[in-house]
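Each chain, written out:
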Amino acid sequence: MANFSWYAFCLYFFKLGGNICGVDIGSVQEIVTMPDITRVPDTPDFLEGIINLRGRIVSVIDLRKRLGADSAERGKKNMILVTEIDGKVVGLIVDEVSEVLRLNPDSIEPPPEMVSSVGAEYVKGVGKLENKIILLLDLAKVISTEELAKLKSNGNGNKPETVSNNPERRLS
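Keep in mind it's a predicted model, so treat the numbers as computed, not measured.

## Here's the deal with the side chain of N78
Then, in step 1: Structurally, N78 is set in the loop between α1 (63–66) and β7 (79–85).
Then, in step 2: Within the local environment of N78, its side chain forms a polar contact with the backbone oxygen of V94, the two atoms lying 3.1 Å apart.
Then, in step 3: When near neighbours in sequence (up to four residues on either side) are disregarded, N78 contacts M34, E73, I93, V94 and D95.

## Section: the pattern of salt bridges
Then, in step 1: Counted under the stated rule, the structure contains 8 salt bridges.
Then, in step 2: Note that R74 and E48 form a salt bridge whose closest N and O atoms lie 3.4 Å from each other. In this pair, R74 is assigned in the loop between α1 and β7 and E48 in strand β5 (residues 47–53), connecting sequence segments 26 residues apart.
Then, in step 3: Between E109 and K128 there is a salt bridge, and its shortest N-O distance comes to 2.6 Å. Within this pair, whereas E109 is found in strand β10 (residues 108–109), its partner K128 is found in strand β11 (residues 123–129), the two being separated by 19 residues in sequence.
Then, in step 4: On the basis of relative accessibility, which here comes to 39%, the residue E109 falls in the partly exposed class.

## Brief notes about the environment of S27
Then, in step 1: Positionally, S27 belongs in the loop between β2 (19–24) and β3 (28–33).
Then, in step 2: Along the sequence, S27 and D138 sit 111 residues apart, while their C-alpha atoms lie 9.2 Å from each other.
Then, in step 3: The contact partners of S27, leaving out residues within four places of it in the chain, are V82, T83, E84 and L139.

## Some words on the pairing of strand β6 (residues 56–62)
Then, in step 1: The buried fraction of β6 amounts to 5 of the 7 residues, a majority that puts the element mostly inside the structure.
Then, in step 2: Across 6 bridges, the pairing between β5 and β6 is antiparallel. In the sheet register, I50 faces β6, and the bridge partner there is S59.
Then, in step 3: Counting the residues between successive antiparallel strands, the hairpin from β5 to β6 contains 2 residues, one of them, R54, with a positive phi of roughly 50 degrees.

## Things to note about the nonpolar core
Then, in step 1: Counting 24 residues, the largest nonpolar core has F14, V23, I61, L63, L81, L92 and L137 as its most contacted members.
Then, in step 2: I61 has contacts with F46, L47, E48, R66, V90, G91, L92, I93 and I143, leaving out every residue within four places of it along the chain.
Then, in step 3: Counting 11 residues, the second largest nonpolar core, distinct from the first, contains V58, V60, V89 and I93.

## Details of the sheet that holds strand β9 (residues 96–102)
Then, in step 1: Taken together, 6 strands build an open sheet; the order of strands is β9-β1-β2-β12-β11-β10 and the sheet is mixed. The strands lining the two open edges of the sheet, one partner per strand, are β9 and β10.

## What to know about the packing of aromatic side chains
Then, in step 1: All chains considered together, the criterion is met by 0 aromatic pairs.
Then, in step 2: For R66, the ring lying beneath its charged end belongs to F46, and the centroid distance is 4.3 Å.

## Some words on the confidence of the model for the protein chain
Then, in step 1: For the protein chain, the average pLDDT comes to 79, and 77% of its residues sit at 70 or higher.
Then, in step 2: Low pLDDT, under 50, characterises residues 4–8; the stretch is placed with 9 contacts to residues that sit more than four places away or in other chains.
Then, in step 3: Of the regions scoring below 50 in pLDDT, residues 154–172 engages in 31 contacts with residues more than four places distant in sequence or in other chains.

## Quick notes on unusual backbone geometry
Then, in step 1: Positive phi is not limited to glycine here, since D42 has a value of about 55 degrees.
Then, in step 2: Examined against the element boundaries, D42 turns out to sit in the loop between β4 (37–39) and β5.
Then, in step 3: Although it is not a glycine, D86 sits at a positive phi angle of roughly 50 degrees.
Then, in step 4: As for its placement among the helices and strands, D86 is situated in the loop between β7 and β8 (88–94).
Then, in step 5: Looking at D86, the relative accessible area reads 53%, which means it is exposed.

What counts and what doesn't
- Residues numbered from 1 in each chain as written.
- Predicted model: local features only at pLDDT ≥ 70, side-chain atom pairs only at ≥ 80, totals over all residues.
- Heavy atoms only, no water.
- Helix = DSSP H or I, 4+ residues; strand = E, 2+ residues; numbered from the N terminus.
- Polar contact = N/O pair within 3.5 Å; in protein donor to acceptor, adjacent residues only side chain to side chain.
- Contact = heavy atoms within 4.5 Å.
- Salt bridge = Lys/Arg side-chain N within 4 Å of Asp/Glu carboxyl O.
- Buried < 20%, exposed > 50% of the residue type's maximum accessible area, 1.4 Å probe, protein only.
- Pairing = 2+ DSSP bridges.
- Core = buried A, V, L, I, M, F, W, Y, C linked by side-chain atoms within 4.5 Å.
- Phe/Tyr/Trp six-rings, centres within 6.5 Å; stacked < 30°, edge-to-face > 60°.
- Lys NZ or Arg CZ within 6 Å of the ring centre and 35° of its normal.
- pLDDT = per-residue confidence, 0-100.

The structure is reproduced here in structure tokens:
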């Protein structure tokens, strides 16, 4: 069994590509619907931009891009998991959040040693629920210390570009 804290078995489950993923409920501050995102030039591809979350500027990471999954059109089911990584509040775009469930500790195993898929370094365990496999993600490893430092410095001072989630209002 993987090393988890006592409450780590209560998880938010969400879809990302064709996978079902789970994160410790204690690592998520809130879940918000997709607002308009302001792109910041000269940032990594996975950094979708920034949002204004009740007066607080939050960097938003496209978790699909970050984990190397195929990109997909966004829809009404896309959500942002708001979390804190190394003292920095960050939003993570997921395909949809499905539910909160408890996993029995006996149903969680460490990731297989032979895992070779892209993004495997972010997987801290594999859960089994009925006949489904759930990838348990370590949100603290989604972004490196160096990348986080760049986010904290607020980019390079270029003017942001607002991008709407409404396809008819998107900027190219």
